[in-house]
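Observations on the three-dimensional arrangement
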Amino acid sequence: MDPPMLSAHRTAAVCLLAVAGLLGLPAGSAVADTPADGPTWSIAPSSGRGTRAGEGRGGHFYMGGAGGPGLGDTVTVTNPGDKPTTVKLRAAEAYNRADGSFAVRDTKGGEKAQDAGSWLSFADDEVKIPPRTAARVPFSVAVPDGAMPGDHPAAVIAQAGERKLGVRVHLRVSGPTLSAVTVEDVAIDGDWIAYSLVNRGNTVLAPKLAVRAEGLFGVVLDRAARPLPVELLPGRKVTLREPWTDRPAFDSVRVELTVSADGAAKDSQAAEVRLVPWAAVAGGGALVAGFAGLAVFAVRRRRALAAFKAELQPQDGQRTSVSARTESAETVSAGTVSAGTGEIK
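One structure accompanies this document, and this report is about it. (Residues numbered from 1 in each chain as written. Predicted model: local features only at pLDDT ≥ 70, side-chain atom pairs only at ≥ 80, totals over all residues. Heavy atoms only, no water.)

Let's talk about the side chain of His152
- Here His152 lies in the loop between strand 9 (150–151) and strand 10 (154–160).
- Looking at His152, its side chain comes within polar contact range of the side chain of Asp115, at 2.8 Å.
- A distance of 2.6 Å separates a polar side-chain atom of His152 from the backbone oxygen of Met148.
- Beyond its immediate stretch of four places on either side in the chain, His152 contacts Asp115, Ala116, Trp119, Val169, Leu171 and Val173. (Helix = DSSP H or I, 4+ residues; strand = E, 2+ residues; numbered from the N terminus. Polar contact = N/O pair within 3.5 Å; in protein donor to acceptor, adjacent residues only side chain to side chain. Contact = heavy atoms within 4.5 Å.)

Here's the deal with the pairing of strand 8 (residues 133–143)
- Note that strand 3 (residues 68–79) and strand 8 share 10 bridges and pair antiparallel. From the neighbouring strand, Val75 faces strand 8, where its bridge partner is Val137.
- Sheet topology places strand 6 (residues 120–122) next to strand 8; 3 bridges connect them, and they run antiparallel. The residue of strand 8 that forms the bridge with Leu120 is Val141. (Pairing = 2+ DSSP bridges.)

Quick look at the packing of aromatic side chains
- All told, the structure shown has 2 aromatic pairs when counted by the stated rule.
- Between the aromatic rings of Phe61 and Phe139, the centroid separation amounts to 5.1 Å while the plane-to-plane angle is 85°, which identifies the pairing as edge-to-face. Taken together, the positions of Phe61 in strand 2 (residues 61–65) and Phe139 in strand 8 put the pair 78 residues apart, joining distant regions of the chain. Here Phe61 matches Phe139 in class, with each residue buried.
- Members of the aromatic cluster, connected to one another through ring pairs, are Phe61, Phe122 and Phe139.
- We note Arg163 situated over the ring of Trp41; from NZ or CZ to the ring centre the distance is 5.1 Å.
- Directly above the aromatic system of Phe102 lies the positively charged group of Arg168, at a separation of 3.6 Å from the ring centroid. (Phe/Tyr/Trp six-rings, centres within 6.5 Å; stacked < 30°, edge-to-face > 60°. Buried < 20%, exposed > 50% of the residue type's maximum accessible area, 1.4 Å probe, protein only. Lys NZ or Arg CZ within 6 Å of the ring centre and 35° of its normal.)

Some details on empty space enclosed by the protein
- If you walk through the whole model with that rule in mind, you get 1 cavity of 30 Å³ or more.
- Each pocket or cavity is described by its volume, and for the largest cavity that value is around 30 Å³.
- Of the residues forming the lining of the largest cavity, the biggest block, 3 residues, is contributed by strand 11 (residues 163–173).
- Taken together, the residues of the lining of the largest cavity sort by class into 6 nonpolar, 1 polar and 2 charged. (1 Å grid on protein atoms, 1.4 Å probe; cavity = no way out; pocket = protein on both sides within 12 Å on 5 of 7 lines; lining within 4 Å. Points joined across faces, edges and corners; volume = space filled by probe spheres on them. Nonpolar A, V, L, I, M, F, W, Y, C, P; charged D, E, K, R; others polar.)

Overview of the pattern of salt bridges
- Scanning the model with the defined rule gives 10 salt bridges in all.
- Linking Asp151 and Arg172 is a salt bridge whose minimum nitrogen-to-oxygen distance equals 2.6 Å. One end of the pair, Asp151, is in strand 9; the other, Arg172, is in strand 11, with 21 residues separating them in the sequence.
- Residue Asp151 is classed as buried on the basis of its relative accessible area, which comes to 16%.
- Residue class for Arg172 comes out partly exposed when judged on its relative accessible area of 37%.
- The partner of Glu231 in a salt bridge is Arg168, and the shortest N-O contact between them spans 2.4 Å. With Glu231 in the loop between strand 15 (218–227) and strand 16 (237–243) and Arg168 in strand 11, this pair connects stretches of sequence that are 63 residues apart.
- We classify Glu231 as partly exposed; its relative accessible area is 26%.
- Ionic contacts of the salt-bridge type, sharing partners, join the residues Arg223, Arg226 and Glu242 into one network. (Salt bridge = Lys/Arg side-chain N within 4 Å of Asp/Glu carboxyl O.)

Listed below in structure tokens is the structure:
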């Protein structure tokens, strides 16, 4: 058993290490994931700096202003592990993939960002973080003169080895804004309604979609406007699909899609489609064709039998000639046979 004095020293050391670890982690920081071999590093907006506090903003940076320097914030990189970590920081531009998902453009081979991704610069692009410590790295945003007003989405990217994490940056340049969205390329594809949405303004939009379809016998589909799981960035076009599994089997339908968004006027486009159960039609056609073939065969067979019978029956002239020849033969025979001997003379 340890002496009381030594045990007290050990207890004090453990308490000091725990306090040191707590002081090294900033308030409100969150670990991105915790693998089986222990916690790993994470990044988040810092609290108490920039245009808004880091707490309560969903892990994103929000900032806005006119052209020129003056904007900035601080990103916090936290290393709760037992080993030091070196993290590289860079900026990237955001965009929509074709299916509407949010993504950042990873520049490679010396390619440089053209928009907001080139406006961010960090106090230190590479940060070495000791164990159980958090590093706060300031960055500034220099909006070039003449930059288009409106939203310019970007992201702060941190990388250590193969692991990458990002924090989104919502940046709005001062000036007139326009919210505009259109729906295009509406088409029916089996049990799906395909369409495209285009952000023709300079603000990020959260679109809503309403669907209505009317056939020969009335309304066959009526869906009220509902939010889509898409954050449509300025100038972007996305291709989406709407399920329609209960469509009628036989009808002529006009399908109309209406898109809307906060601050934007509604836009609609329609497509017409004739729904025909081609499998049933093909089966019915084959049946009709079969009956028609049988009818033709029967008619031809009857005609062939009639012609054959006509060939077997002799004509009137032929019957008379045969009878005359027969009678002549009988007369000759009777005149040449001897009554006494029966010899033919």
